[in-house]
Amino acid sequence: MKKSLVTLSTVALSLSLSLPSYAAANGSSQANEALDAMKKQTGDHFLAEWSENHQQLEFLSGVLSGGNIRNAKDVKTYIKNHQDLFHLNPKQDLRLEQTTTDDLGMKHFKFVQLVDGVPVEGNYFYVHVGKDGTVRAVNGDVDPSFDKKLDSVTPAIPRKEALEAGWEAIGLTKAETIVKGNKQIETAPGKKKEVKNTNEDVQLVIFEDEGTPKLAYHVVLQFIQPEPGNWQIFVDAKDGSILHKYNAVAYDGPTTGYGYGVLGDYKPLNLYLSGGYYYLYDTTKPMSGVIETRTAQNGTALPGPYLVDYDNAFTAYSEAPAVDANYYAGVVYDFYYNRFGRNSYDNYGSTIRSTVHYGYNYNNAFWNGQQMVYGDGDGSTFRPLSGDLDVVGHEITHAVTERTAGLEYHDQPGALNESMSDVFGVLIEWESYVVGDEVYTPGVYGDALRSLKNPPKYGQPDHMSEYVYTSSDNGGVHTNSGIPNKAGYLTMSQIGRSKSAQIYYRALNLYLGPTSNFSDARYALLQSAADLYGYGSEYNVIANAWNQVGVY
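Residues numbered from 1 in each chain as written. Predicted model: local features only at pLDDT ≥ 70, side-chain atom pairs only at ≥ 80, totals over all residues. Heavy atoms only, no water.

Attention now moves to the sheet that holds strand β18 (residues 291-295). On the basis of which strands lie adjacent, the open sheet formed by five strands has the order β17-β18-β21-β23-β22 and mixed pairing. The open sheet has two edge strands with one neighbour each: β17 (281-282) and β22 (365-367). As defined by bridge partners, β22 adjoins strand β23 (residues 372-375) across three bridges and the pair is classed as antiparallel. Following the sheet pairing, Phe-366 is matched in β23 by Val-373. Strand contacts of helix α10 (residues 389-403): β21 (352-358), β22 and β23, with the helix running at about 20 degrees to β22, the strand carrying the most contacts. (Pairing = 2+ DSSP bridges. Helix = DSSP H or I, 4+ residues; strand = E, 2+ residues; numbered from the N terminus. Contact = heavy atoms within 4.5 Å. Axes fitted to C-alpha atoms, helices over the stretch in contact; angles between N-to-C directions.)

Below, the structure written as structure tokens:
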């Protein structure tokens, strides 16, 4: 969706004449008066982003209230008092999903849009409140007109029928995805529990189908055979037809010891001794879970048994991928914990699990919604993929993204999802602006999978004029990620690792949502820079970076 940005501090004409707005289109003087008051209270750097048809505010930044907003009740009152501006009734149109307080003392309130009590898929409304109790930003992607476009929110088919339609849509049955003979797994040395190999979920939602809101069932199907699946399927709740589907698997685990990685380099290891065996099972992190690594033994059953050794020296060639997977997962954990205070990928201390030796000559790595999985490569296209820190950082960041912004894995949100993983992979390793150079085409010197500095070198665009419109690869998520990747390079190369990491993490954690596009990313990063460092050089660097890639 194309959007327009109005910088109110530079507009010379009166607000009612110069500002494209829902209020102006519908003759609401109260909304224009509210915006005028916010502009006067803010001064410079008052920003307003509007939907393409200028019917809905999508990002508003400045001093947007008095200093009396302290809790969710106050926020709902604020929204209600500005119904002429936001066109939302917090009692019937919104449901509070989450409230967080960041290290700056700012509070962030996340609401999901409702139509007669049914959530609208991907439509969220955010209110960000400063430490002083003033609203500093409001953003989101909602459409208050949906309730007038829907005849009913009563489904005509039952959930069971929608679930069956979901399985049929992907050409599989549940029985075909169940890994037989893997009823139990070890959750810790000497401990086992029963596990499900296949997960199903069905929820009633409002789904926007090519601009038209429809009542639908959101069917989620997750499994690991015959190939990894995290299918998101939207089934029309009136007739059972498939409105949309995509696989959200994002391609691309006390004592001590040591081992040698894929490149033959020495690595110290945190291990676990039990029953005379040493496990790649790190309990030293400040988390309720652990970092552990298992092996698929060149099969596809996940998570697979633990990879263990008789002594604390993991030096065998076959152990190298597991050594790297466990060690690098610890490095990634430390990066997120030490810089942002984030406790594991979900911020609740969940176990970080990796499985190596997946499949035979498997040229990929992925996060399947529950764990990291690494193939060994075929020796020509890839060597074992866990052998590169930025690859491990990339995959774990997919998990972080899932639990923060939740960027949907298709089209621009999916390309942003991939880009966030590439950017953080580079920030974590911080050796170069390329991804996968240690494991990609081992026989070709200086080669890499992707370059943030020069995306076209590896077949990616670096400007919106070269955006690739395609139905393959979930809308080109691995191709079009080159555009935000280049903006990431232009940012990191000028303001450095530390500030870039803080700005990008804040945007991912607080300002981006499931359907955010490239334009939303620009505004989210600008807002994060303003929150952290004001409107100085960092803010300008980000603005210029996105200008250079054609996102205005």
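Turning our attention to unusual backbone geometry. The residue after Leu-302, namely Pro-303, is reached through a cis peptide bond having omega 5 degrees. Mapped onto the secondary structure, Pro-303 falls in the loop between β18 and β19 (308-309). Phi at Asn-474 is positive, roughly 50 degrees, even though this residue is not glycine. When you line up the elements, Asn-474 lands in helix α12 (residues 473-480).

Ranked by internal contacts, the top residues of the largest apolar core, which has 82 residues, are Tyr-336, Ile-352, Phe-424 and Trp-546. In terms of residues, this core owes the most to one element, helix α13 (residues 482-511), which gives 14 residues. Sequence-distant contacts of Tyr-336, that is, excluding residues within four places in its chain, are made with Gly-341, Arg-342, Thr-397, Val-400, Phe-424, Ile-428 and Tyr-505. Residues Ala-48, Tyr-78, Ile-79 and Leu-85 belong to the second largest nonpolar core, which totals 26 residues. (Core = buried A, V, L, I, M, F, W, Y, C linked by side-chain atoms within 4.5 Å. Buried < 20%, exposed > 50% of the residue type's maximum accessible area, 1.4 Å probe, protein only.)

In terms of residue burial, strand β7 (residues 135-140) counts as a mostly covered element, since five of its six residues are buried. Pairing analysis gives three bridges linking strand β3 (residues 57-61) to β7, with the strands arranged antiparallel. Directly across from Leu-60, in β7, lies its bridge partner Val-138. Of the pairings in the sheet, the one linking strand β6 (residues 118-129) to β7 comprises five bridges and is antiparallel in character. Residue Val-127 lies in a different strand from β7, and its bridge partner there is Val-138. Connecting β6 to the next strand, β7, in antiparallel fashion are five residues, including Gly-133 with a positive phi near 85 degrees.

Ordered by their spatial adjacency, five strands build an open sheet running β19-β16-β15-β14-β20, and the pairing between neighbours is mixed. Two strands in the sheet have a free side with no partner beyond their single neighbour: β19 and β20 (313-314). Pairing geometry for strand β15 (residues 266-274) and strand β16 (residues 277-279), over three bridges, is antiparallel. Residue pairing across strands places Leu-273 opposite Tyr-278, the latter belonging to β16. Of the strands in this sheet, β14 (255-260), β15 and β20 touch helix α9 (residues 320-340), which is tilted by about 90 degrees from β15.

Let us now look at the confidence of the model for the protein chain. For the protein chain, per-residue confidence averages 90 on the pLDDT scale, and 90% of positions sit at 70 or higher. Here residues 182-187 scores under 50 on pLDDT; set against residues more than four positions off or in separate chains, the count is 26 contacts. (pLDDT = per-residue confidence, 0-100.)

Our next topic: the side chain of Ser-500. Its place among the elements puts Ser-500 in helix α13. Taking the relative accessible area as the measure of exposure, Ser-500 reaches 0% and is therefore buried. Setting aside residues up to four positions removed in sequence, Ser-500 forms contacts with Leu-427, Thr-491, Met-492 and Ile-495.

This part takes up the packing of α10 against helix α11 (residues 411-429). For the pair α10 and α11, the least separation of the axes is 7 Å and the interaxial angle reads 130 degrees. Relative to α11, the element α10 lies oblique. Crossing geometry of α10 relative to α11 is assigned as right-handed. In this structure, α10 uses Leu-389, Asp-390, Gly-393, His-394, Thr-397, His-398 and Thr-401 to contact α11, whose residues at the interface are Asn-417, Glu-418, Met-420, Ser-421, Asp-422, Phe-424, Gly-425, Val-426, Ile-428 and Glu-429. A per-class count over the contact of α10 with α11 returns five nonpolar, eight polar and four charged. (Parallel < 35°, antiparallel > 145°, perpendicular 65-115°, else oblique. Left-handed = near helix turned anticlockwise from the far one by under 90°. Nonpolar A, V, L, I, M, F, W, Y, C, P; charged D, E, K, R; others polar.)

Attention now goes to the packing of aromatic side chains. Scanning the entire structure with this criterion turns up 32 aromatic pairs. Judged by centre distance (5.2 Å) and plane angle (75 degrees), the ring pair of Tyr-272 and Tyr-281 falls under edge-to-face. For Tyr-272, a relative accessible area of 27% puts it in the partly exposed group. For Tyr-281, a relative accessible area of 7% puts it in the buried group. Taking 5.6 Å as the distance between ring centres and 85 degrees as the angle between the ring planes, the aromatic pair formed by Tyr-358 and Phe-366 counts as edge-to-face. Each member of the pair, Tyr-358 as well as Phe-366, carries the same accessibility label: buried. In textbook terms, an aromatic cluster arises when at least three aromatic residues are bridged by ring pairs, as seen for Phe-335, Tyr-336, Phe-340, Phe-424 and Tyr-505. Above the plane of the ring of Tyr-124 lies Lys-110, whose end atom (NZ or CZ) is 4.4 Å from the centre. We note Arg-294 situated over the ring of Tyr-306; from NZ or CZ to the ring centre the distance is 4.1 Å. (Phe/Tyr/Trp six-rings, centres within 6.5 Å; stacked < 30°, edge-to-face > 60°. Lys NZ or Arg CZ within 6 Å of the ring centre and 35° of its normal.)

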